[in-house]
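Here's the letter readout for the chains.
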Amino acid sequence: MKKIEVENLTRIFGRNPTKGLELVRQGKSKEEILKETGMTVGVNRVSFSVDAGEVFVIMGLSGSGKSTLVRLLNRLIEPTEGSVRMDGEDVSRMDPQELRQIRRTKMGMVFQRFALFPHKSVRENVEYGLEVQGIPKEERKEKALTSLGLVGLENYADSRPDQLSGGMQQRVGLARALANDPDILLMDEAFSALDPLIRKDMQDELMDLQSTMQKTIIFITHDLDEALRIGDRIALMKDGEIVQIGTPEEILTNPANSYVEKFVEDVNLTKVLTAGSIMKRSEALVLGKEGPRVALKRMRGGGTSTVMVVGRDRKFIGILTAEGAKEVAENGKTIEDVLIKDAVMVHEDTPVSDLLPKMAEKQFAHPAVVVDQQEKLRGVVVRGAIFAALAGNGVKTDADSQGSA
Amino acid sequence: MPIPKVPLDQWVDSLVNWLTENLSGLFSFITHIIEPTVGFFQMILTVAPPLVTIILISALALWTSRWSVALFTLVGLFLVANLGLWEKSTETLSLVLTASLISVILGIPLGIWAARSQVVRRIITPVLDFMQTMPAFVYLIPAVFFFALGAVPGVIASVIFAMPPTIRLTNLGIRQVPGDLIEAADAFGSTSWQKLFKVQLPLARSTIMAGVNQTIMLSLSMVVISSMIGAGGLGAIVLQSISRLEVGTGFEGGLAIVIIAIILDRITQSLGKDPRKVA
């Protein structure tokens, strides 16, 4: 079962939402409806589902309906139509008491402008969600301190929010959302009010936390770089509708229409593309089984000047160059004598932005080797593949690399 | 043919008559609440010798406010006592405190209600405008009809005249709480009472206190006017000096009122300023 299932979710702001719904169903655009009736279509028949533990980013420019959409999920804004199911329970049909219960136990929310209570201390802020549930003082104090510990602010428990910097305030916001250990985090432009350096730190920290917590995160942002950095999948919104849903790579390499294309054209590809997506499979030479002549033949056949040498378990050992193979064949050296063992080794999910400097350090002398967790050979990245990818074409999306995104 | 005058005055007269005849039970109930309250404050203010009471009030000023306010309180009240106006001042203070207390008890819930409901706000706003702009003397007439002469109609007239700022500023203070804080309170599953007491009222506190301050000032001015219907206190001195054309006595009474006004204003203002100090 999916963690969150959203179906046909619609919100129309104005005097006569029923009429608005009718117009929406007739396929009229947001602009037409506004001109005709003065009503605003906030969110237009949106459907998507999110897996447990997934980071689902909803991205769009201001006015695209993304902030409305996230508020429809916990009903800070009431939907005009459609359903939101969490663990199979329909949130949109809950009575106020059930709704309060699910807000208290299952969801935490982080706000763009932090929304910390200025009259409460940092700890009291973090305790708020526990306090309204009537949890005893000592227990909620303990939980609040644990939660503050997660974001590294346990020493600021007795400060006032206005004594903290923006980044620290948002950590408090995050700790408050985590305090009752919810399954689902709703983050509305959580890092948008922070300056770029702090923002990047917070993104890293969120990803760190996420790797251990495995929450289901709905993350709203207008910043494509942010979306690409943290999203497992991204939904791109325009005029209240979802234009495309996909992994960061799918969105970049295969935009659904010209709007998405325009949106992503300025993206720094090196941050998104991974070694896995631009590597190619490589012929390997098994050490101890095959000799230099086989190596030379493989190079000729593949049109390269190197061959990867692996053990019988396919673990990567080194790179054999054409010159090396010749020396082995003519001067009686062993393959191990001439192997290049300090090759650049990366994993499939290493971004090209990390790969590039490593290869540059070695003057691009040899291809980079892509290995899996057990150091088994997966493929190689040659210099040309990087530049081809950066030029925006020739991105290899063979079946293996798709899964790693 | 000239258009006949709308007999508004007759209508109001007969309404007041009807109320006097039919709601006397209610009015006597109200009297039974107000009279002991005034008496209670009067008792507190006069149970100790004036000197002791003055020092205690100055200590209160020191605790809630700056030392300069405390010093002013001490010197000002000594002057009042020296002029022989202490007893009259305690009468006035008792009336003001009673009227303010009633205004706050009624006004804050009304303000909260107005903040939560557009409909209530739309009904209340013009009523408040009416209450505040109608010349204060006009309230005295029906008040006398319903409650006879004395302290009670004075307090009633003061409440009507002085309550609007508390209602208005409570409403305003709650509405001014930033929307994202309300969203945060909702998103973490607050009931609406929890939201009110844990978020809205604490954040609206200084605005509400500004309203209470206004209410106290207005009820002081009305209590003075109420001396015309026998409410007693410093107003009676001023009224007497007008009828006897005694400039000096009038000035003394007026000065005592000013001193009390300044003390009440400074003390209530500082109550609204720093939530941590008095919390």
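Residues numbered from 1 in each chain as written. Chains lettered and ligands numbered in written order. Predicted model: local features only at pLDDT ≥ 70, side-chain atom pairs only at ≥ 80, totals over all residues.

## Things to note about the overall build of chain A
- From N to C terminus, chain A includes 19 helices and 16 strands.
- For the C-alpha atoms alone, the extent of chain A along its principal axes is close to 85 × 55 × 35 Å.
- For chain A, the residues scored as buried account for 43% of the 405 residues in total. (Helix = DSSP H or I, 4+ residues; strand = E, 2+ residues; numbered from the N terminus. Buried ≥ 20, exposed ≤ 12 C-beta atoms within 10 Å, placed from the backbone.)

## Section: the sheet that holds strand β12 (residues 306-310) of chain A
Residues and elements named next belong to chain A.
- Taken in spatial order, the three strands line up as β11-β12-β13 in an open sheet, and their pairing is mixed. A strand with exactly one partner marks an edge of an open sheet, and here the two such strands are β11 (284-286) and β13 (316-321). Neighbouring strand axes in the sheet, compared pairwise and without regard to direction, differ in orientation by 35° on average.
- Taken together, the three bridges between β11 and β12 define a ladder with parallel strand orientation. Following the sheet pairing, A284 is matched in β12 by M308. (Pairing = 2+ DSSP bridges. Axes fitted to C-alpha atoms, helices over the stretch in contact; angles between N-to-C directions.)

## Focus: the sheet that holds strand β2 (residues 40-50) of chain A
Residues and elements named next belong to chain A.
- Here four strands make up an open sheet; going across it, the order is β2-β1-β4-β5 and the pairing antiparallel. Edge strands, defined here as strands with exactly one partner in the open sheet, are β2 and β5 (89-90).
- Judged from the seven bridges that link them, strand β1 (residues 4-13) and β2 form a sheet pairing that is antiparallel. Residue pairing across strands places I4 opposite V50, the latter belonging to β2.

## Re the packing of helix α3 (residues 50-64) of chain B against helix α13 (residues 247-273) of chain B
Residue and element names in this part refer to chain B.
- Where α3 contacts α13, the two axes come as close as 9 Å, and the packing angle between them is 35°. Note on packing geometry: the crossing formed by α3 with α13 is left-handed. Counted together, L60, A61 and T64 of α3 and I263, I267, S270 and L271 of α13 form the full contact between these two elements.
- When grouped by side-chain class, the residues that make up the contact of α3 with α13 number five nonpolar, two polar and no charged. (Left-handed = near helix turned anticlockwise from the far one by under 90°. Contact = placed C-beta atoms within 7 Å. Nonpolar A, V, L, I, M, F, W, Y, C, P; charged D, E, K, R; others polar.)

## Some words on the environment of D265 of chain B
Residues and elements named next belong to chain B.
- Positionally, D265 belongs in helix α13.
- We classify D265 as partly exposed; it has 16 C-beta atoms within 10 Å.
- Through-space distance from the C-alpha of D265 to that of A210 is 9.9 Å; in sequence the pair is 55 residues apart.
- In contact with D265, not counting residues within four places along its chain, are N213 and M217.

## Focus on the packing of helix α4 (residues 67-82) of chain B against α13 of chain B
Residue and element names in this part refer to chain B.
- Put simply, α4 and α13 touch, their axes get as near as 10 Å, and they point 155° apart. In terms of their interaxial angle, α4 and α13 are classed as roughly antiparallel. Considering how the two elements wind past one another, α4 and α13 form a crossing that is left-handed. Of the residues in α13, those touching α4 at V69, F72, T73, G76, L79 and V80 are A256, I259, I262, I263 and R266.
- Along the lines of polarity and charge, the residues of the contact of α4 with α13 split into eight nonpolar, two polar and one charged. (Parallel < 35°, antiparallel > 145°, perpendicular 65-115°, else oblique.)

## A word on the interface of chain A and chain B
- Between chain A and chain B, the contact holds 14 residues from the first and 15 residues from the second.
- Where the side of chain A that touches chain B is concerned, the elements lending two or more residues are α4 (96-105) and α5 (122-131) of chain A.
- Looking at the side of chain A that touches chain B, its residues break down into seven nonpolar, three polar and four charged.

## A closer look at the UniProt feature "domain: ABC transmembrane type-1" (unreviewed entry) in chain B
- The positions UniProt marks with the feature "domain: ABC transmembrane type-1" (unreviewed entry) are residues 89-268 of chain B.
- Between the end C-alpha atoms of residues 89-268 of chain B the distance is 18 Å, and the span holds 87% helix and 0% strand. (UniProt positions renumbered as here; feature names shortened; annotations may be inferred.)

## Some remarks on the confidence of the model for chain B
- Averaged over all residues, the pLDDT of chain B is 89; the fraction at 70 or higher stands at 98%.
- Interface scoring of the predicted complex returns ipTM 0.79; its pTM is 0.75. (pLDDT = per-residue confidence, 0-100.)

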